[in-house]
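Here is what each chain is made of, one letter per residue.
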Amino acid sequence: MGDAMGELSAAIDHLDTEDVSEIPRTQLAEQLLDLHWQMARLQAQIARRTGVRLP
């Protein structure tokens, strides 16, 4: 889980330091989609390790 958390943190930090007005919309959408999938993978890892299952 440490690797996924590190990747998620790095992605958030990367987006936080960028001026989004300078990023092409396509690239911004790709970055946000990647961030979404990283968050989903992290949530799935947490669920597996804690025994939590979605209904």
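Here's what I pulled together on the structure shown here. No experiment lies behind these values; they were computed from the predicted model shown. (Residues numbered from 1 in each chain as written. Predicted model: local features only at pLDDT ≥ 70, side-chain atom pairs only at ≥ 80, totals over all residues. Heavy atoms only, no water.)

## Focus on the overall build of the chain
Helix and strand counts for the chain stand at two helices and zero strands. Going through the 55 residues of the chain one by one, you find that 18% of them count as buried. Summed over all atoms, the accessible surface of the chain reaches about 4,500 Å², with 59% contributed by carbon and sulfur. (Helix = DSSP H or I, 4+ residues; strand = E, 2+ residues; numbered from the N terminus. Buried < 20%, exposed > 50% of the residue type's maximum accessible area, 1.4 Å probe, protein only. Areas by Shrake-Rupley, 256 points an atom, 1.4 Å probe, with all protein chains shown as cover.)

## Topic: helix α2 (residues 25–50)
Residues spaced three or four apart along an α-helix point in a common direction, a consequence of the helix completing one turn every 3.6 residues. In a regular helix each residue adds 1.5 Å, so 26 residues correspond to 38 Å; α2 covers 37 Å between its end C-alpha atoms and thus fits that length. Among the residues of α2, those classed as buried are Gln 31, Leu 35, Gln 38, Leu 42 and Gln 45. One or two residues past the end of α2 sits Gly 51, with phi positive at roughly 80°. (Expected span 1.5 Å × (residues − 1).)

## With respect to the side chain of Gln 38
Among the secondary structure elements, Gln 38 is positioned in helix α2. In contact with Gln 38, other than residues within four places in its own chain, are Glu 7, Leu 8 and Ala 11. (Contact = heavy atoms within 4.5 Å.)

## Brief notes about the environment of Trp 37
Among the structural elements, Trp 37 can be located in helix α2. Relative accessible area serves as the criterion here: at 48%, Trp 37 is assigned to the partly exposed category. Taking C-alpha positions, Trp 37 is 9.5 Å from Leu 8, a pair spaced 29 residues apart along the chain.

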